[in-house]
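So you can see what is in the structure, the chains are spelled out below.
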Amino acid sequence: MKILILGAGQVGSSVASALASENNDITVVDTDHARLRELAEKLDIRTVVGHASLPNVLAQAGADEAELLVAVTSSDEVNLIACQVAQHQFRTPTRVARLREAQYLDVAALADPEHSAVSAAISPEQLVCRHVERLIEYPGALQVLDFADGRAQLVAVRAVPGGALVGHEIRELREHLPTGVDARVAAIFRKGKPVKPEGSTVIEVDDEVFFLADRKNILTVMSELRKVDPRPARRLLIAGGGNIGRNLARSLESRYSVKVLERSKERARGIAEDLINSIVLVGDCADEDLLREENIDQTDVYCAMTNDDEANILSAMLAKRMGCPRVISLINRPSYAELVEGGSIDIAVSPQLVTLGALLAHIREGAPARVYSLRRGAAEAIEAVVRGDRRTSQVIGRGLDELELPPATTIGGLVRGDKLLIAHHDVVIEPGDHVILFVMDKREIAQVSALFQTGATWL
Amino acid sequence: MSQRFRAIQRIVGIIIVLSSLTKLPPALLALAWGEQGTPSVFFGSFLVSFLIGVALWVPVRAVNYEMRLRDGFLIVTMTWVFASLVSALPFVHGPPHLSYPDAIFEATSGLTTTGATVIDGLDELPRSVLFYRQLLQFLGGMGIVILAVAILPMLKIGGTQLFRAESTGPTKDTKLTPRIAETAKALWGVYFGLTLLCAVSYWMAGMDLFDAVCHALSTVSTAGFSTHDAAFDYWSSPILEWIAILFMTLGGINFGLHFVAWRRASMAVYGTDSELRSYLRIIAVAAVLVTLVLWLTGTYAGGGEAFRIATFQVVSNITTTGFAVTGFNEWPGPAPLLLVVLAFIGGCSGSTVGGLKVARVVMVVRQGYREIKQLVHPKAQFLVKMGGRRVSESVVLSVSGFIAIWFICFVFLMVGMNFAGLDLESSFGAAVSTLTNLGPGLGEVATTWGTVSDTAVWLGTLGMILGRLEVFSLLVLLTPAFWRE
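Owing to the predicted nature of the structure, the values given are computational and were not obtained by experimental measurement.

Regarding its fold elements, chain B presents 23 helices and two strands. C-alpha atoms of chain B, sized along the principal axes, occupy 65 × 55 × 50 Å. Every one of the 485 residues in chain B was classed for burial, and the buried ones make up 54%. Considering only contacts in chain B between residues 6 or more positions apart, those separated by 24 or more positions represent 70%.

So this is what it looks like as structure tokens:
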């Protein structure tokens with residue numbers, strides 16, 4: 001696929017490196033020469049220096065041949081105009097833009113996708129917000145991924161002593177669960193390495209377990225793997241009043257008691273104007289006295305949401321040591337996340353990975369309904385839509401155990417209509433099903449997508 | 001041995017296997033033509049070099065290592081050295097039965113598209129040997145490593161590093177297509193197409209098929225080997241010379257431009273390139289100058305003939321092809337030196353030509369001019385521009401550095417040649433002809449290197465590889481920092 005990426009920032013670079021390894025022709029446009037050179041040294045891509053919305057720059061970057069345009073420059077306006085130019089002058093079929101400003105998003109969503117300049121808009125801040133919200137909802141979850149509009153969720157949990165299933169075989173799960181509740185372990189990562197979950201696999205302490213279940217059963221299943229605090233989170237402290245911090249506070253303040261910590265007095269005033277129930281504090285997130293003053297030890301969740309990795313990590317560590325039971329930190333650099341997650345910080349949220357997954361759903365061949373990039377991009381959870389009929393599809397009418405899946409790929413379940421069917425060998429795939437797959441090794445993705453390809457495409 | 005060296009060994013092994021295949025076409029032709037002795041020589045040397053490649057590759061075939069930028073230099077240099085060594089085998093064991101230093105010189109001269117030769121009496125050699133020499137030039141013209149990047153899928157990762165270490169010119173990070181393998185394929189496709197076109201033109205203009213193909217292989221690659229001692233004088237046909245002029249000139253143009261022109265099916269792109277304009281201007285001026293010299297001194301009777309022969313020799317030299325029509329080294333006045341000096345400039349970047357490259361020369365001249373202007377207007381802001389666009393300071397600096405190092409190498413080479421027993425004029429000619437990949441020199445090495453000492457031959461071999469890899473790829477290996485883990 002010929003892909004044109006505008007902007008070589010964090011998101012642009014990570015999209016480029018995720019896609020360059022998958023046989024795509026990628027061209028990256030940016031104004032920063034040095035950054036492009038660095039990228040071109042690492043990846044097999046073409047780079048073009050220039051202003052991304054200018055027609056001659058786009059022409060030079062091969063916009064007339066590109067099948068997909070991903071506009072992720074730091075400016076919403078440049079992204080919008082680039083999409084517009086690509087649509088009118090180069091007839092680029094798919095144009096995905098990152099838009100930060102909520103008002104633009106509304107416009108982009110309202111417009112008819114056939115005629116709108118932006119065929120899909122992505123807002124990293126909104127995605128990250130929703131991601132963190134779900135994490136707060138399920139104490140103990142490392143990751144919560146929605147499928148089929150939230151009917152099913154894939155949850156990652158670290159197994160700790162005290163969970164009923166820890167130290168037991170996976171097949172005992174069904175016996176533990178109350179009737180009517182069903183779940184499936186989709187993947188296990190042990191010391192960072194994937195372990196294929198079979199009925200006889202024993203779950204060990206410290207395993208990272210991904211399971212799929214109906215949304216209403218998530219907490220029940222989670223209790224199999226760790227002691228779940230029956231008291232849901234009440235008090236939150238959000239450090240950093242940027243776009244993410246503010247949006248998060250706004251959407252949570254009706255259900256939780258929220259405090260927002262912002263360094264700049266001016267910004268803090270703006271946030272205070274915006275929010276109704278929250279308390280806005282002015283101060284540094286690494287200020288020990290301030291945290292103690294605000295009862296950090298009584299706070300249920302501490303979210304470090306500033307735009308500075310180091311500040312996030314340090315303040316989250318500080319909060320943890322001062323007695324906050326759960327700390328979540330925004331970490332952009334993958335190497336930092338690897339260093340601290342699971343140790344001094346409970347959950348590291350990577351904005352890039354969250355955004356990347358949303359972009360991948362548009363980029364992957366056949367446009368699956370949803371893609372989540374996991375484990376720094378090494379694994380993916382995919383929601384594939386079954387299309388076609390018995391003749392054109394390789395999967396319709398076949399039982400799940402009859403599918404020829406590559407070795408590191410598992411099926412968690414499928415959503416039919418409103419119901420989640422957990423993957424058991426007797427489930428037969430029908431047209432219109434949404435199949436939820438977990439691909440533990442990214443190299444198998446081409447094989448998986450070929451399996452679900454009908455004569456035409458997935459969707 | 002570290003992972004790094006194993007990975008390098010693996011790639012060098014693969015490329016040796018690939019380059020061993022060059023011995024198959026002459027082997028098959030020798031069989032078809034019913035030559036005595038040569039088929040077994042070619043099959044034998046194919047087998048030997050194939051096995052050397054396999055022996056390097058097999059023990060480390062499973063190595064998994066992500067190449068870094070600097071590994072590209074080592075791989076490319078090793079490839080050229082090994083490829084020259086194994087390509088020398090047929091010259092030793094078959095006719096013309098050269099000594100090892102001479103055979104290695106001949107093979108290197110072929111692969112680096114230099115065109116200097118130690119052989120006298122080409123016309124008596126078996127045709128398969130002649131064809132083999134031309135084939136080496138064709139392979140080296142666009143580059144062995146770039147060919148390998150184009151056709152070997154295992155070089156997909158790290159291909160960019162290799163590509164940059166082998167391609168020519170100051171700006172190495174311009175890709176024609178997003179993926180490096182596609183770029184390499186595109187370049188080789190254009191190169192192959194031009195060579196084919198050239199062969200057909202020669203053939204239609206009166207060469208026999210064998211000579212047409214052989215000369216096409218050494219024209220577009222701007223290499224300069226011929227199948228006859230007299231080269232183009234063998235035919236003395238004006239139309240053949242004009243065809244050669246055309247295709248040598250095309251070989252000296254950036255192949256990226258050819259590719260874009262072909263892709264868009266329009267010649268417009270040629271008009272926009274400032275390097276190309278300078279290149280054509282230099283050719284025009286030099287051709288007029290040499291014509292004047294030849295005409296005024298009465299070397300050639302007619303003005304038309306003088307112009308044709310002067311243009312042929314100018315193009316042949318500036319593109320470092322080195323076809324010599326008329327023993328130009330005995331021309332009167334400044335003509336011989338002027339022609340040899342043209343080779344310093346060379347062709348456009350990204351072409352098959354050696355020398356410094358027009359872009360670099362123009363850039364350095366403009367930088368010098370800027371310094372002069374700055375002396376007059378100390379407060380003024382002057383920029384070095386190419387094609388109306390500013391050239392960044394770092395590029396100007398690296399180009400100046402390149403030219404400085406290049407000339408230092410040149411001086412060392414020249415003095416070395418002098419030590420090896422060549423006289424002053426020949427030392428100069430030998431250094432120019434090898435470092436610029438020109439071929440014919442001056443004095444003793446004007447037509448053949450058969451009479452010089454072994455030391456001079458080895459120095460010449462070194463000079464050719466230095467010139468083909470644009471000095472830095474080889475010199476970087478001599479720094480201790482490169483080898484530090």
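In terms of helices and strands, chain A carries 15 helices and 22 strands. In terms of overall size, chain A behaves like a compact globule, its C-alpha atoms giving a radius of gyration of 23 Å where 459 residues would be expected to give roughly 23 Å. Projected onto its principal axes, the C-alpha coordinates of chain A cover approximately 60 × 60 × 40 Å. A burial count over chain A gives 47% of its 459 residues as buried.

Another point: the environment of Cys-285 of chain A. By secondary structure assignment, the location of Cys-285 of chain A is in the loop between strand 14 (279–282) and helix 11 (288–293). Sequence-distant contacts of Cys-285 of chain A, defined by excluding residues within four places in its chain, comprise Ala-239, Gly-240, Leu-261, Ala-304, Thr-306, Ala-311 and Ser-315 of chain A.

Residue-level pLDDT values for chain B average 88, and 98% of them are 70 or greater. Two numbers describe this predicted complex: its pTM, 0.80, and its ipTM, 0.74.

Residue and element names in this part refer to chain B. Two elements in contact, helix 12 (residues 238–251) and helix 16 (residues 303–318), have axes separated by 9 Å at closest approach and are oriented at 30 degrees. Considering their axes alone, helix 12 and helix 16 lie roughly parallel with respect to each other. For the pair helix 12 and helix 16, the sense of crossing is left-handed. Of the residues in helix 16, those touching helix 12 at Pro-238, Glu-241, Ala-244, Ile-245, Met-248 and Thr-249 are Arg-308, Thr-311, Phe-312, Val-315 and Ser-316.

Here we come to the sheet that holds strand 11 (residues 208–214) of chain A. Think of a sheet as strands paired side by side through backbone hydrogen bonds, with each pair either parallel or antiparallel. All names here are of chain A. Taken in spatial order, the five strands of this open sheet run 7-8-11-9-10, and their pairing is antiparallel. The open sheet has two edge strands with one neighbour each: strand 7 (141–147) and strand 10 (193–195). Taken over all neighbouring pairs, the strand axes of this sheet differ in orientation by 20 degrees on average, direction set aside. Pairing between strand 7 and strand 8 (residues 152–158): six bridges, direction antiparallel. Bridging across to strand 8, Phe-147 finds its partner in Ala-152. Of the strands in this sheet, strand 7, strand 8, strand 9 (183–190) and strand 11 are in contact with helix 8 (residues 218–225), which crosses strand 8 at around 20 degrees.

For soluble globular proteins, nonpolar side chains are generally found buried alongside one another. Grouped together as the largest cluster of nonpolar side chains are 148 residues, with contacts concentrated most on Ile-15, Ile-146, Val-149, Leu-187, Ala-244, Val-314 and Ala-431 of chain B. Considering each element in turn, this core owes the most residues, 10 residues, to helix 10 (residues 180–204) of chain B. Apart from residues no more than four positions distant in its own chain, Ala-431 of chain B is found in contact with Phe-410, Leu-413, Met-414, Met-417 and Gly-463 of chain B. If you look at the next biggest cluster of nonpolar residues, it comprises 147 residues, including Val-96, Ile-296, Val-371 and Phe-452 of chain A.

Turning our attention to the sheet that holds strand 18 (residues 370–374) of chain A. All names here are of chain A. The strand order across the open sheet formed by five strands is 18-19-22-20-21, and the pairing between neighbours is antiparallel. Taken across any chain shown, the strands that pair with only one partner, and hence form the sheet edges, are strand 18 and strand 21 (419–422). Strand-to-strand twist in this sheet, taken as the mean axis angle between neighbours without regard to direction, amounts to 20 degrees. As judged from the six bridges shared by strand 19 (residues 379–385) and strand 22 (residues 434–439), these two strands associate in the antiparallel manner. Looking at the pairing, Glu-380 lines up with Val-439 of strand 22.

Take unusual backbone geometry next. Residues and elements named next belong to chain B. Residue Pro-96 follows Pro-95 across a cis peptide bond; omega there is 10 degrees. Phi is positive for Thr-113, which is not a glycine, with a value near 60 degrees. For Thr-113, the position within the fold is in the loop between helix 6 (100–111) and helix 7 (127–142). Here Ala-265, not a glycine, exhibits a phi torsion of approximately 50 degrees, which is positive. The topology assignment puts Ala-265 in the loop between helix 13 (255–264) and helix 14 (268–272). Exposure remark for Ala-265: the 6 C-beta atoms within 10 Å place this residue in the exposed category.

It is worth spelling out the interface of chain A and chain B at this point. Counting from both sides, the interface comprises nine residues of chain A and, opposite them, 10 residues of chain B. Of all the elements in the fold, those that place two or more residues in the side of chain A that touches chain B are strand 2 (25–30) and helix 2 (33–42) of chain A. A per-class count over the side of chain A that touches chain B returns three nonpolar, one polar and five charged.

What follows deals with the packing of helix 1 (residues 3–20) of chain B against helix 4 (residues 69–87) of chain B. Each pair of packed helices can be described by the angle between their axes along with the distance between the axes. All names here are of chain B. The contact between helix 1 and helix 4 brings their axes to 9 Å, and the two run at 35 degrees. By crossing handedness, the relation of helix 1 to helix 4 is classed as right-handed. Along its contact with helix 1, which presents Arg-4, Ile-8, Ile-11, Val-12, Ile-15, Ile-16, Ser-19 and Ser-20, the element helix 4 presents Asp-71, Leu-74, Ile-75, Met-78, Thr-79, Phe-82, Ala-83, Val-86 and Ser-87. Along the lines of polarity and charge, the residues of the contact of helix 1 with helix 4 split into 11 nonpolar, four polar and two charged.

A word on the pairing of strand 19 of chain A. All names here are of chain A. Buried residues dominate strand 19, accounting for seven of its seven residues. Taking every second residue as pointing to the same face, both faces of strand 19 are buried, with Ala-379, Ala-381, Glu-383 and Val-385 on one and Glu-380, Ile-382 and Ala-384 on the other. By the bridge criterion, five bridges tie strand 18 to strand 19 in an arrangement that is antiparallel. Residue pairing for strand 19: Val-371 is matched across the bridge by Ile-382.

For helix 3 (residues 38–57) of chain B, built from 20 residues, the straight-helix expectation of 28 Å at 1.5 Å per residue is met to within 8% by its first-to-last C-alpha distance of 28 Å. The inward-facing, buried residues of helix 3 of chain B contact helix 1, helix 2 (24–32), helix 4, helix 5 (89–93) and helix 7 of chain B.

Further remarks concern the pairing of strand 18 of chain A. All names here are of chain A. Within strand 18, five of the five residues are buried, which leaves the element mostly enclosed by the surrounding structure. Burial along strand 18 is two-sided: Arg-370, Tyr-372 and Leu-374 facing one way and Val-371 and Ser-373 facing the other are all buried. Hairpin connection from strand 18 to strand 19: four residues lie between these consecutive antiparallel strands, with Arg-375 at a positive phi of about 50 degrees.

The rules behind the values
- Residues numbered from 1 in each chain as written.
- Chains lettered and ligands numbered in written order.
- Predicted model: local features only at pLDDT ≥ 70, side-chain atom pairs only at ≥ 80, totals over all residues.
- Helix = DSSP H or I, 4+ residues; strand = E, 2+ residues; numbered from the N terminus.
- Buried ≥ 20, exposed ≤ 12 C-beta atoms within 10 Å, placed from the backbone.
- Contact = placed C-beta atoms within 7 Å.
- Rg over C-alpha atoms; globule rule 2.2 N^0.38 Å.
- pLDDT = per-residue confidence, 0-100.
- Axes fitted to C-alpha atoms, helices over the stretch in contact; angles between N-to-C directions.
- Parallel < 35°, antiparallel > 145°, perpendicular 65-115°, else oblique.
- Left-handed = near helix turned anticlockwise from the far one by under 90°.
- Pairing = 2+ DSSP bridges.
- Core = buried A, V, L, I, M, F, W, Y, C linked by C-beta atoms within 7 Å.
- Nonpolar A, V, L, I, M, F, W, Y, C, P; charged D, E, K, R; others polar.
- Expected span 1.5 Å × (residues − 1).

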